[in-house]
Protein chains: 2
Amino acid sequence: MDIQLKRGLLDVCVLAAIKDRDSYGYQMIKDMKPYIEMSESTLYTILKRLESANMLTVRTVEHNGRLRKYYHITKEGLARIDEFKNEWREVMLIYQFVSKEDKPQ
Amino acid sequence: MDIQLKRGLLDVCVLAAIKDRDSYGYQMIKDMKPYIEMSESTLYTILKRLESANMLTVRTVEHNGRLRKYYHITKEGLARIDEFKNEWREVMLIYQFVSKEDKPQ
DNA sequence: GCATAATACATCATATCACGAGGTATCGGC
DNA sequence: GCCGATACCTCGTGATATGATGTATTATGC
């Protein structure tokens, strides 16, 4: 998939992955895989960014001797998803502009 | 509209703006305005990029003493639009992932 | 007649961001 | 004891949208 097209979807996908239940990085990559693939470096960059923007909070949990960071969506994060849904109307308009079949002159 | 979301649409919008008839920069901005707004600096950057990628060709025309550069889409450019349409299925899948309403646990 | 807006192009510096390459450490299976 | 899976992280690079700025002509308003 085209990288540029992906860009607008990545952040919001990560938020969607923790919308209904808290999750951690490694798990999120597996959950999102059927829809969108992203490398670990990409995900952790995004998680940092979303944390700075107060769209999620983090808590560290020890699991079988290994460290896990669970991410929890905030109300700002949920608002971001709603904003995305609203913007989607504009996106669909653009899609129609691009894909419409006109008679060439 | 979110810049990141815009990124994947800009190139293909420019191609769509010249799909059915040749056009020039200033006109294209006006034609695309109802769907997507972009500054002149953005458009001319994109036109250069699309030219390098052989997705369009340019011819300069004198119009009322002023210079105009008319852009013409190539078959590679048309193929790019088709590719975009194919990718749209993936995009819609992602959209559904993001916007689905699940019962929170 | 003159100022301002519109037409039409262009360049440059800046900021944002996805990603590969590489790193650290633990656990389970064989 | 080795390897793959689990789980995190950092850094450098390349791509790119945009504001600021510049040049030049034509049309319009007063």
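Residues numbered from 1 in each chain as written. Chains lettered and ligands numbered in written order. Predicted model: local features only at pLDDT ≥ 70, side-chain atom pairs only at ≥ 80, totals over all residues. Heavy atoms only, no water.

Digging into the protein's contact with DNA strand C
Here comes step 1: Neighbouring DNA strand C are 25 residues; A:Ser41, A:Arg49, B:Tyr44, B:Arg68 and B:Lys69 lie closest to it.
Here comes step 2: A share of 72% of the atoms of DNA strand C within 4 Å of the protein falls on sugar and phosphate groups.
Here comes step 3: A:Ser41 places a side-chain nitrogen or oxygen 2.8 Å from a base nitrogen of DNA strand C.
Here comes step 4: In this structure, a phosphate oxygen belonging to DNA strand C sits 3.3 Å away from a main-chain N or O atom of B:Gly25.
Here comes step 5: Looking at the surface near DNA strand C, the elements that each hand over two or more residues are α1 (3-17) and α3 (40-52) of chain A together with α2 (25-32), α3 (40-52) and β3 (66-73) of chain B.
Here comes step 6: Tallied by class, residues from the surface near DNA strand C come to six nonpolar, eight polar and eleven charged. (Near = heavy atom within 4 Å. Polar contact = N/O pair within 3.5 Å; in protein donor to acceptor, adjacent residues only side chain to side chain. Helix = DSSP H or I, 4+ residues; strand = E, 2+ residues; numbered from the N terminus. Nonpolar A, V, L, I, M, F, W, Y, C, P; charged D, E, K, R; others polar.)

Comments concerning α1(A)
Residue and element names in this part refer to chain A.
Here comes step 1: Under the 1.5 Å per step criterion, the end-to-end length of α1 is 20 Å for 15 residues, consistent within 8% with the ideal 21 Å.
Here comes step 2: The axis of α1 is deflected most strongly, by about 40°, at Leu-9.
Here comes step 3: Among the 15 residues in α1, eleven count as buried, and that is most of the element.
Here comes step 4: Among the residues of α1, Leu-5, Gly-8, Leu-9, Leu-10, Asp-11, Val-12, Cys-13, Val-14, Leu-15, Ala-16 and Ala-17 are the ones counted as buried. (Expected span 1.5 Å × (residues − 1). Bend = angle between axes of the 7 residues up to and from the residue. Buried < 20%, exposed > 50% of the residue type's maximum accessible area, 1.4 Å probe, protein only.)

Details of the packing of aromatic side chains
Here comes step 1: Enumeration according to the criterion identifies eleven aromatic pairs over all chains in this entry.
Here comes step 2: Here A:Tyr35 and B:Phe97 contribute two aromatic rings whose centre-to-centre distance is 4.4 Å and whose plane-to-plane angle is 20°, an arrangement assigned as stacked. Of this pair, A:Tyr35 sits in the loop between α2 (25-32) and α3 while B:Phe97 sits in helix α4 (residues 75-99), on two different chains.
Here comes step 3: Using a relative accessible area of 31% as the deciding quantity, one classes A:Tyr35 as partly exposed.
Here comes step 4: For B:Phe97, a relative accessible area of 7% corresponds to the buried category.
Here comes step 5: With centroids separated by 5.4 Å and ring planes inclined at 65°, the aromatic side chains of B:Tyr24 and B:Tyr70 adopt a geometry described as edge-to-face. (Phe/Tyr/Trp six-rings, centres within 6.5 Å; stacked < 30°, edge-to-face > 60°.)

Description of the protein's contact with DNA strand D
Here comes step 1: Around DNA strand D, 25 residues are found, and the nearest of them are A:Tyr26, A:Tyr44, A:Arg68, A:Lys69 and B:Arg49.
Here comes step 2: Backbone atoms, meaning sugar and phosphate, make up 70% of the atoms of DNA strand D lying within 4 Å of the protein.
Here comes step 3: Take A:Tyr24: an N or O atom from its side chain is 2.9 Å from a phosphate oxygen of DNA strand D.
Here comes step 4: Within the side chain of B:Ser41, a nitrogen or oxygen atom sits 2.8 Å from a base nitrogen of DNA strand D.
Here comes step 5: The set of elements that each furnish at least two residues to the surface near DNA strand D consists of α2, α3 and β3 (66-73) of chain A together with α1 (3-17) and α3 of chain B.
Here comes step 6: For the surface near DNA strand D, the element with the highest residue contribution is α3(B), accounting for five residues.

Interpretation note: all reported values are geometric properties and have no functional meaning in isolation.
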